[in-house]
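One letter stands for each residue in the lines below.
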Amino acid sequence: MGNSLKAILAFVPSNKCQKYLLEDFEEMPVDKMVDLSGRQMRRLPVHICSFRELVKLYLSDNNLNHLPPELEQLQNLQILALDFNNFKALPLVVCTLKQLCILYLGNNKLCSLPLELRLLQNLRTLWIESNCLQCLPEVVCELSLLKTLHAGSNALRSLPPRLQCLQELRTIWLSGNLLAEFPPVLLDMPFLEVIDVDRNSIRFFPSLAHLPGLKLVIYDHNPCRNAPKVAKGVRRVGRWSEETPEPRKRSGAVIDITLDEKPLLPPAAKTEPE
């Protein structure tokens, strides 16, 4: 089916047109997964919400800006992908899906997140990269089981002190923001394993040698005058990363990290819940 035809049918409410749009999704899939990514949809076919045992729902790369209230019926949903759409606000119905483990919201037009997000207490991974966030919403600090936070390519200038309450957090990706200093709250999070502050405006890095869990720090493309000090065995990616102690006369080479080392997954390669 051509994308233009799909876009037209997405507006047509008749059952026949909706079944044509859904193609093979007239019945509950055996693998409990529905992937409607890249279909130019402007609204989610309500019929999908009748699949009450659904575990994974991928709606990436469409033209969605709202979701039907019937989505609340999907109480077994663990993975929901809404990235690469036109959401200016997160539909509150998403916050009723209390079994969600992974939520993809990247590449939308979000300026904030609703307080109701705190209801998603099973959330382990949150992708909010490439939105319009000028500050990290405080409600994120209430997601007590969160292990991975992708918040790159926004307009963040700082992080809330309450972030240190997330004692399960292991990786935080902050590349491409407006951080003028290394976020102080990260210095009080000894359980962090990966810190990515690539492509910000940080001019000086404090020592990170006291963080016992740290395995990787990415600080490249900052106007920094020093490399962050780290404990033995911690990998640094950035200027002077191979030098100990601080750099002397050489300007240093930029070391790039591969996709295998920095697993920023495209919409077509979603991760499974842990």
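Think of each chain on its own: its residues are numbered from 1, step by step along the sequence as written. Side-chain atom pairs in this predicted model are given and counted only at pLDDT of 80 or more, local residue features only at pLDDT of at least 70, and totals for whole chains, interfaces and linings cover all residues. Heavy atoms throughout the structure, all of them, feed into the side-chain values; hydrogens and water do not.

Time to look at the overall build of the protein chain. Counting its regular elements, the protein chain contains two helices and ten strands. Runs of H or I in DSSP of at least four residues are treated as helices and runs of E of at least two as strands, each being numbered from the N terminus. Mapped from its N terminus to its C terminus, the protein chain presents α and β elements in the order α-α-β-β-β-β-β-β-β-β-β-β. Looking at the protein chain as a whole, 48% of its 274 residues qualify as buried. Accessible area for the protein chain stands at about 13,200 Å²; split by element, carbon and sulfur atoms hold 52% of it. Relative accessibility decides the category of a residue: with a 1.4 Å probe and only protein chains considered, values under 20% of the type maximum give buried, values over 50% give exposed, and everything between is partly exposed. Only the protein chains shown count as covering a residue, and every accessible area follows the Shrake-Rupley method with a 1.4 Å probe.

On to the pattern of salt bridges, then. Once their charged atoms are close, side chains differing in charge can pair, the charge on each being opposite to the other. In the sections that follow, a salt bridge refers to a side-chain nitrogen of Lys or Arg positioned within 4 Å of a carboxyl oxygen of Asp or Glu. For the structure on display, the rule yields five salt bridges. The shortest N-O distance in the salt bridge between Glu142 and Arg162 comes to 3.8 Å. A residue pair is termed long-range when its members are at least 10 positions apart, and Glu142 in the loop between β5 (125–127) and β6 (148–150) and Arg162 in the loop between β6 and β7 (171–173) qualify at 20 residues. Here Glu142 falls in the partly exposed class, since its relative accessible area comes to 25%. Overall, Arg162 belongs to the partly exposed group, its relative accessible area being 37%. Here Asp198 ties to Arg199 by a salt bridge, and the two come within 3.8 Å at their closest N and O atoms.

With that settled, consider the environment of Ala231. Structurally, Ala231 is set in the loop between β9 (216–218) and β10 (235–237). Taking the C-alpha atoms as reference, Ala231 lies 7.2 Å from His210; in sequence the two are 21 residues apart.

Turning our attention to the sheet that holds strand β1 (residues 33–35). Two strands are said to pair when DSSP picks up at least two bridges between them. One open sheet accounts for ten strands, arranged β1-β2-β3-β4-β5-β6-β7-β8-β9-β10; its pairing is parallel. Of all the strands in the sheet, just β1 and β10 have a single pairing partner and so form its edges. This sheet shows a mean twist of 5° between the axes of neighbouring strands, independent of strand direction. Here strand β3 (residues 79–81) runs beside strand β4 (residues 102–104); their pairing, made up of three bridges, is parallel. Opposite Ile79, over in β4, you have Ile102 as the bridge partner. Lines are fitted to the C-alpha atoms to define the axes, a helix being fitted only along its stretch in contact, and any angle between axes, read from their N-to-C directions, falls within 0 to 180 degrees.

Below, the discussion takes up the environment of Val194. Its place among the elements puts Val194 in strand β8 (residues 194–196). Put simply, Val194 and Thr148 are 46 residues apart on the chain and 9.4 Å apart in space, counted from C-alpha to C-alpha.

Another point: unusual backbone geometry. Within the chain, Ser130 stands out as a residue other than glycine whose phi angle is a positive 60°. Examined against the element boundaries, Ser130 turns out to sit in the loop between β5 and β6. A positive phi angle is found at Ser153, which is not glycine, with a value near 55°. Inspection of the secondary structure assignment puts Ser153 in the loop between β6 and β7. Accessibility expressed as a relative area gives 39% for Ser153, which makes it partly exposed.

Here the focus is the packing of aromatic side chains. Two aromatic rings from Phe, Tyr or Trp, using only the six-membered ring of Trp, form a pair when their centres are within 6.5 Å; if the ring planes differ by under 30 degrees the pair is stacked, by over 60 it is edge-to-face, and anything between is tilted. Using the criterion set out here, one finds three aromatic pairs in the structure. Each ring, one from Tyr104 and one from Trp127, has its centre 5.3 Å from the other, and the planes form 40°; the classification is tilted. In this pair, Tyr104 sits in strand β4 while Trp127 sits in strand β5, placing the two residues 23 residues apart along the sequence. With respect to class, Tyr104 is no different from Trp127; both count as buried. Relative to Tyr219, the ring of Phe205 has its centre 5.4 Å away and its plane inclined at 65°; by these criteria the two rings are edge-to-face. Within this pair, whereas Phe205 is found in the loop between β8 and β9, its partner Tyr219 is found in the loop between β9 and β10, the two being separated by 14 residues in sequence. Taken as a pair, Phe205 and Tyr219 share a single burial class, namely buried. Site record: aromatic cluster; members linked through ring pairs are Phe182, Phe205 and Tyr219.

Once that is clear, we can look at the side chain of Asn85. With respect to the helices and strands, the residue Asn85 is situated in the loop between β3 and β4. Within the structure, Asn85 has its side chain in polar contact with the backbone oxygen of Asp83 (distance 3.2 Å). Counting of polar contacts relies on pairs of N or O atoms within 3.5 Å, with two restrictions inside protein: one atom must be capable of donating a hydrogen and the other of accepting it, and residues adjacent in sequence are counted only when both atoms are side-chain atoms.

Here we come to the environment of Phe84. Here Phe84 lies in the loop between β3 and β4. As for Phe84 and Ser130, which are separated by 46 residues in sequence, their C-alpha atoms are 9.3 Å apart.

Along the chain, pLDDT gives the predictor's confidence residue by residue, from 0 to 100. With 79% of its residues at a pLDDT of 70 or more, the protein chain has an overall mean of 86. In the predicted structure, residues 244–269 sits below a pLDDT of 50 and forms 44 contacts with residues beyond four places in sequence or in another chain. Working rule for contacts: check all heavy atoms of both residues, and any pair within 4.5 Å makes them a contact.

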